[in-house]
Amino acid sequence: MEALGRLFDISAGITPVDSQTAAMTGKRVSLRNAAGCTIVVFKAAGTANDDPVLDLQQHTASTGGTTADLDIIDHYYIKQETTLDGDETWTKVTQTAASEVTLNATSAETEMIVVIEVDGTELSDGYDYISLDIADTGAAGAQLISCLYLLRDLTVGRAPANLVASLS
């Protein structure tokens, strides 16, 4: 069996968008059928001083319901260069546990990949869904950004065509 469907599934969090146009509300994904989620944010270079702010949320329903900050991010990983070309290494960034990540002072003008790990046991009781929001970066210049959810350690391995929907 291939890794997709056995080890992980992939869901869109934020489709590629210019982050200067407005705040981005991430799509929700369920952790009912996975032990956790690796959130991957990919960002193109933009204009200095428009540094992205990421915000992790938890939800009680796939739409509506109750939403709350998920204050668990005490570290994340980042690859960052003027142009990502495969020679970069991961840097672990630590912070006091929070739902927000304010990327470093040169994040706006560089390309980057940011990875945040969420374990299903970290959600509050009654919460089964997560999402990642990204604040508006300002109007100084275009800055393309996107987010993918990699649901990992699936509770039931299936052929990719037979996986349950990410909101299930």
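See the structure shown above.
Residues numbered from 1 in each chain as written. Predicted model: local features only at pLDDT ≥ 70, side-chain atom pairs only at ≥ 80, totals over all residues. Heavy atoms only, no water.

*Asks:* Hey, could you run me through the pattern of salt bridges in this one?
*Replies:* Two side chains that carry opposite charge are able to pair once their charged atoms sit near each other. Per the stated rule, a full pass over the model turns up three salt bridges. Here aspartate 128 makes a salt bridge to arginine 32, at a shortest N to O gap of 3.2 Å. Placement of the pair is aspartate 128 in the loop between β9 (111-119) and β10 (129-134) and arginine 32 in the loop between β2 (29-30) and β3 (34-43), with a sequence separation of 96 residues. Since its relative accessible area comes to 45%, arginine 32 is described here as partly exposed. (Salt bridge = Lys/Arg side-chain N within 4 Å of Asp/Glu carboxyl O. Helix = DSSP H or I, 4+ residues; strand = E, 2+ residues; numbered from the N terminus. Buried < 20%, exposed > 50% of the residue type's maximum accessible area, 1.4 Å probe, protein only.)

*Asks:* Sorry, what's going on with the nonpolar core here?
*Replies:* Among soluble globular proteins, nonpolar side chains are generally buried collectively. Ranked by internal contacts, the top residues of the largest apolar core, which has 31 residues, are Ile39, Val41, Val114, Ile116, Val118, Ile130 and Leu132. Counting only elements with at least two residues in this core, the list comes to β3, β4 (53-59), β6 (73-81), β9, β10 and β11 (144-154). Apart from residues lying up to four places away in sequence, isoleucine 116 is in contact with Cys37, Thr38, Ile39, Leu54, Ile73, Tyr76, Val101 and Leu132. (Core = buried A, V, L, I, M, F, W, Y, C linked by side-chain atoms within 4.5 Å. Contact = heavy atoms within 4.5 Å.)

*Asks:* Explanation requested: the sheet that holds β11 in the structure shown.
*Replies:* One key point about sheets: their strands pair by backbone hydrogen bonds, in either a parallel or an antiparallel sense. On the basis of which strands lie adjacent, the open sheet formed by six strands has the order β1-β11-β3-β9-β6-β7 and antiparallel pairing. The sheet is open, and its two borders are formed by β1 (8-18) and β7 (91-98), each paired with just one other strand. The sheet shows a mean angle of 20 degrees between the axes of neighbouring strands, taken without regard to direction. Sheet topology note: the β3/β11 ladder contains nine bridges and is antiparallel. (Pairing = 2+ DSSP bridges. Axes fitted to C-alpha atoms, helices over the stretch in contact; angles between N-to-C directions.)

*Asks:* Would you mind showing me how to read the environment of threonine 63 here?
*Replies:* Take threonine 63: it is sitting in the loop between β4 and β5 (67-69). With 104 residues separating them in the primary sequence, threonine 63 and leucine 167 have C-alpha atoms 9.4 Å apart.

*Asks:* Mind showing me how you'd approach the layout of surface pockets here?
*Replies:* Unoccupied space between atoms shows up once a probe the size of one water molecule is rolled over them. The space that makes up the largest pocket amounts to roughly 190 Å³. In terms of lining, the largest pocket is formed by 14 residues, of which the most central are Asn33, Leu154, Thr155, Leu163 and Val164. Its residues assigned to classes, the lining of the largest pocket comprises seven nonpolar, five polar and two charged. (1 Å grid on protein atoms, 1.4 Å probe; cavity = no way out; pocket = protein on both sides within 12 Å on 5 of 7 lines; lining within 4 Å. Points joined across faces, edges and corners; volume = space filled by probe spheres on them. Nonpolar A, V, L, I, M, F, W, Y, C, P; charged D, E, K, R; others polar.)

*Asks:* What's the story with the environment of glutamate 2 in this structure? I'm lost.
*Replies:* With respect to the helices, strands and loops of the structure, glutamate 2 is situated in the segment before α1 (3-6). Overall, glutamate 2 belongs to the exposed group, its relative accessible area being 58%. Linking glutamate 2 and alanine 159, residues 157 residues apart in sequence, is a C-alpha distance of 7.8 Å.

*Asks:* I keep staring at the side chain of threonine 38 and nothing clicks. Help me out?
*Replies:* Looking at the element boundaries, threonine 38 is found in strand β3. The class of threonine 38 is buried, set by a relative accessible area of 12%. At 2.9 Å, the side chain of threonine 38 forms a polar contact with the side chain of glutamate 117. For threonine 38, the residues in contact, after removing those within four places along its chain, are Val115, Ile116, Glu117, Leu148, Tyr149, Leu150 and Arg152. (Polar contact = N/O pair within 3.5 Å; in protein donor to acceptor, adjacent residues only side chain to side chain.)

*Asks:* In this structure, what is going on with the pairing of β3? I would like to understand it.
*Replies:* In regular strands, side chains alternate between the two faces of the sheet. Buried residues dominate β3, accounting for seven of its ten residues. Where β3 and β9 come together, eight bridges link them in antiparallel fashion. If you follow lysine 43 over to β9, its bridge partner there is methionine 112.

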